[in-house]
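# Overview (structure and organization)
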Amino acid sequence: MKKIIVGFAVGTVLFAVVAWNMAGGLMFVERASPFGMDETIARIQHNILNSGTGWTLTGLRNPARAVQSDGGNVLPVIMVEACSTRYSGPILKDDSVRFLSILMPCKIAVYKKNDGKVYIANMNAGLMGKMFGPLVGDIMVKVAEDQQKFIVMDPSQPAPQMIVPKPAGEGGGGLAGGSGC
Amino acid sequence: MRKIILALAMLGAAADAVLATPAVAPPVATVATAATKAASKSTADHSKFKVLQQDFKSGPEVTKACLSCHTEAAKQIHKTKHWTWDYLNPESGQRLGKKNIVNNFCTAVPSNYAFCTACHVGYGWKDNNFDFTSEANVDCLVCHDTTGTYKKPYGLAGNPATKEMEYPPKSGRMIKPADLPKIAQSVGPTSRATCGACHFYGGGGDAVKHGDLDSSMTNPSKYLDVHMDVKGLNFTCATCHATTGHNIPGSRYTPTGKDAEPARIRGKQDTSNPTTCQNCHGQSPHKSAEMAAKLNEHTDKLACQTCHIPQFARGNIATKMTWDWSTAGKLTADGKPFVIKDSSGHHESYNSKKGNFTYESEVIPEYIWINGKVKYTLLGDPVNTTGVTQINRYDGSPTDGKSRIWPVKVFRGKQPYDLETKSLLVPHTAVGYGEKDDTAYWDNFKWEAALKAGAEAAGRPFGGKFDFVKTEMTWPITHMVAPKADALGCVQCHSKGGRLENVAGIYMPGRDSNRTLDFLGWLAALAALIGVVVHGGVRVYLSRKAG
């Protein structure tokens, strides 16, 4: 009996260690883009607008700008921000999960790495949503489905124009029309 | 109360005035002029020279006035590549220089003189009959203007506008003539702005050609270039390209792959290239860093630029990376040329006159060995019709003792070649201002006529049939030096998939592995682990036994 309990405890600890190490990788998804920075961003933006599920662009944020203006050398990073009130509304109305507003708006990061390639990263909304009960889980599954459409890079389609938001205060954010979250 | 209202109204009006002011900075050279006048250490004020107080009507008139004092200047210029656009590489025997080589941007000068020679340090080079012996045709102002107002528009054969003219033709936009008397009286040393007037705009636009030279370098921050930082060292181009008798050192035709000389000592006879990093920093440039000794071990294999220019096109101006001439010539339904903007909205991704392009900023360089020897594919040389033709090929290897690893921009394109001679062709693209002919591609969009005219001007045969060949042109990167804190870190190269992934011929820890060596290493680690466990176990056992 003692052996079984010890074995179970060891197994649990090992599982926890493995899960802990893998969690980071599972929560976020990264893939290479076949296009340059501007074109990748533009294609994501237009995919968002053409998704037909109520998504609007809420910003284009450049977290590297502050570092650069401080004299630092950072490869380009741009966050494409989008929101759909269809999904954000129910979460924001429920006090028990309202804290998830911290994840809003939905962000897709486009960045260059030292291999010279451009990458796209986004949160694994489906997996993350499951941790917060059925309401959030159901919504996040749909968000995840939409996210997959946003990052489709179809070379047969001509390159669209990037939508550059009008400056709106500090921080490199700004709103490009739309409802915002 | 009225006073308060009045004050608020005035404040509002002032704010309006500020906001209404266009957000356009004055030309850099103008700013420089104000500073230069105040702090100038020059012993001459050119505005006080009688010979310059004339109502100059043309560039050559100004030059004659300059030469009345600077009697040897034109003779010196005549000997330089800036004047001849011609250079015989003593090592390869190849005749290079702008008028001889072909690139994969606008391709070549022959048949397009009046357009290309906007960047010649002379006046009037519009065809093969240009007088290279004329001293009056030397353009002093293009390098020595300090007003920032001296411009040489494309199509005027290197002349500035001397009367108000519609430019570009049929655009409805007018340009004013250069104020030659004012410019002549304001001459001074060269500046980033004067060198940049051509070198920042090579290939037909800002940042197009070089990648490490663009208009952001006119007034760079420390982040962009630690040497040229306007608030810091404030180097001009000539600080490194130290000029003697108008001969400007530093050449892509005969680059210095590896400068093994110590730092230059004043007064010592030194014929080494003054533009290299080593010329000031020597062979052991790392002094204070923790890893100084280790970093200094790298300097015999790595060009300084490899670590200290982490990316090029870092000034928020994208550089052109590809140019496909084979798609040029598409017209609208009513036969008009058109332009398509790229995703950024700032650049063209297609232009009927030129084909398709791509641009990129913050570009990670490619890395190659360079020993200073370079071979060009010239007109008449065979091209690789099934693969990629190297427009220029830098030699180098890890074993020749003369090479270092350099960062480079590789510009990829597709350009016309002769199916019969299997060599590159020159398209006749542009005509002089106000001129028209039936063969210029940018007017007529007929490849055969344009290539025939180009071949004739270049003195080459044209078989009548052509196709497009893939080409690559390599540009060593040497400007836009970042602050030392932004130099590459160890793992950016010493890792799999790192910066130097494709550099062959060397063993790099972190990137490369040797199975035997790895096995022995792991064996040693395992033996150490076993040793620790056994040793610990024995001690525990003995202590229990004793206790």
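Keep in mind that this is a model prediction, so the values were computed, not measured. (Residues numbered from 1 in each chain as written. Chains lettered and ligands numbered in written order. Predicted model: local features only at pLDDT ≥ 70, side-chain atom pairs only at ≥ 80, totals over all residues.)

### Some thoughts on the overall build of chain A
To keep it simple, the criterion reads: Put simply, DSSP marks the helices as runs of H or I at least four residues long and the strands as runs of E at least two long, and each gets a number from the N terminus on. Remark: C-beta atoms are placed from the backbone, and a residue is labelled buried if 20 or more other C-beta atoms sit within 10 Å of its own, exposed if 12 or fewer do, or partly exposed between those counts. Two residues qualify as a contact pair if the distance between their C-beta atoms, derived from the backbone, is within 7 Å.
Of the regular secondary structure elements, chain A holds 6 helices and 5 strands. Judged by the C-alpha coordinates and their principal axes, chain A covers about 65 × 40 × 40 Å. When burial is assessed residue by residue, chain A has 30% of its 181 residues classed as buried. Within chain A, contacts between residues separated by at least 24 positions form 70% of all contacts whose residues are at least 6 apart in sequence.

### Thoughts on the interface of chain B and chain A
Worth spelling out the cut-off: Throughout this entry, Asp, Glu, Lys and Arg are counted as charged residues, while Ala, Val, Leu, Ile, Met, Phe, Trp, Tyr, Cys and Pro are counted as nonpolar. The remaining residues, Gly among them, count as polar.
With 21 residues of chain B at the contact, the number on the chain A side is 18 residues. A class-by-class count of the residues in the side of chain B that touches chain A yields 5 nonpolar, 9 polar and 7 charged.

### Focus on the domain arrangement of chain B
The line we're drawing: The domain limits used here are those given by an automatic or database domain assignment.
Annotation of chain B at the domain level lists domain 1 (298–317 + 361–415 + 461–512) and domain 2 (513–547). Spacing between the C-alpha centres of domain 1 of chain B and domain 2 of chain B amounts to 47 Å.

### Let's talk about the sheet that holds strand 4 (residues 106–112) of chain A
Residue and element names in this part refer to chain A. Heads up, the rule is: Note on pairing: DSSP must find at least two bridges between two strands before they are called paired. Orientation is described by axes fitted as lines to C-alpha atoms, over the contacting stretch for helices, and by angles from 0 to 180 degrees between their N-to-C directions.
Read across the sheet, 5 strands follow the order 1-5-4-3-2 without closing on themselves; strand pairing throughout is antiparallel. Looking at the sheet topology across the chains shown, the edges are occupied by strand 1 (28–33) and strand 2 (55–61). With direction set aside, neighbouring strand axes in the sheet form an average angle of 20 degrees. For strand 3 (residues 77–84) and strand 4, the ladder comprises 6 bridges, and the chain directions are antiparallel. Bridging across to strand 4, Val 80 finds its partner in Ile 108.

### Overview of the packing of helix 4 (residues 85–93) of chain A against helix 6 (residues 133–150) of chain A
Residue and element names in this part refer to chain A. What counts here: Should an angle lie under 35 degrees it is considered roughly parallel, over 145 roughly antiparallel, and from 65 to 115 roughly perpendicular; all remaining angles are considered oblique. Take the far helix as your reference; a near helix turned counterclockwise from it by less than a right angle gives a left-handed crossing, and one turned clockwise gives a right-handed crossing.
Running from amino to carboxyl end, helix 4 crosses helix 6 at an angle of 165 degrees, the nearest separation of the two axes being 10 Å. Put simply, helix 4 runs roughly antiparallel to helix 6. Handedness of the crossing formed by helix 4 with helix 6: left-handed. For the pair formed by helix 4 and helix 6, the contact residues are Tyr 87, Pro 90 and Ile 91 on the first element and Leu 135, Val 136, Ile 139, Lys 142 and Val 143 on the second. Tallied by class, the residues present in the contact of helix 4 with helix 6 amount to 7 nonpolar, no polar and 1 charged.

### Side note on the pairing of strand 13 (residues 404–418) of chain B
Residue and element names in this part refer to chain B. Of all 15 residues that make up strand 13, 13 are buried, and the element is covered over most of its length. As paired elements, strand 5 (residues 319–324) and strand 13 share 3 bridges and run parallel to each other. Each residue of the ladder has a partner; that of Asp 324, found in strand 13, is Lys 414. For strand 13 and strand 14 (residues 466–476), the ladder comprises 11 bridges, and the chain directions are antiparallel. Bridge pairing in strand 14 links Tyr 417 to Asp 467.

### Some details on the nonpolar core
To be explicit about the condition: Residues enter a nonpolar core if they are buried, belong to Ala, Val, Leu, Ile, Met, Phe, Trp, Tyr or Cys, and are joined to the set through C-beta atoms within 7 Å.
With 74 residues, the main nonpolar core has Val 102, Ile 368, Ile 405, Trp 406 and Val 426 of chain B as its most contacted residues. Once residues within four sequence positions are removed from consideration, Val 426 of chain B is found in contact with Val 102, Thr 107, Ala 108, Pro 110, Ser 111, Leu 379, Gly 454, Ala 455 and Ala 458 of chain B. Grouped together as the second largest cluster of nonpolar side chains are 30 residues, Ile 44, Trp 55, Leu 60 and Tyr 111 of chain A included.

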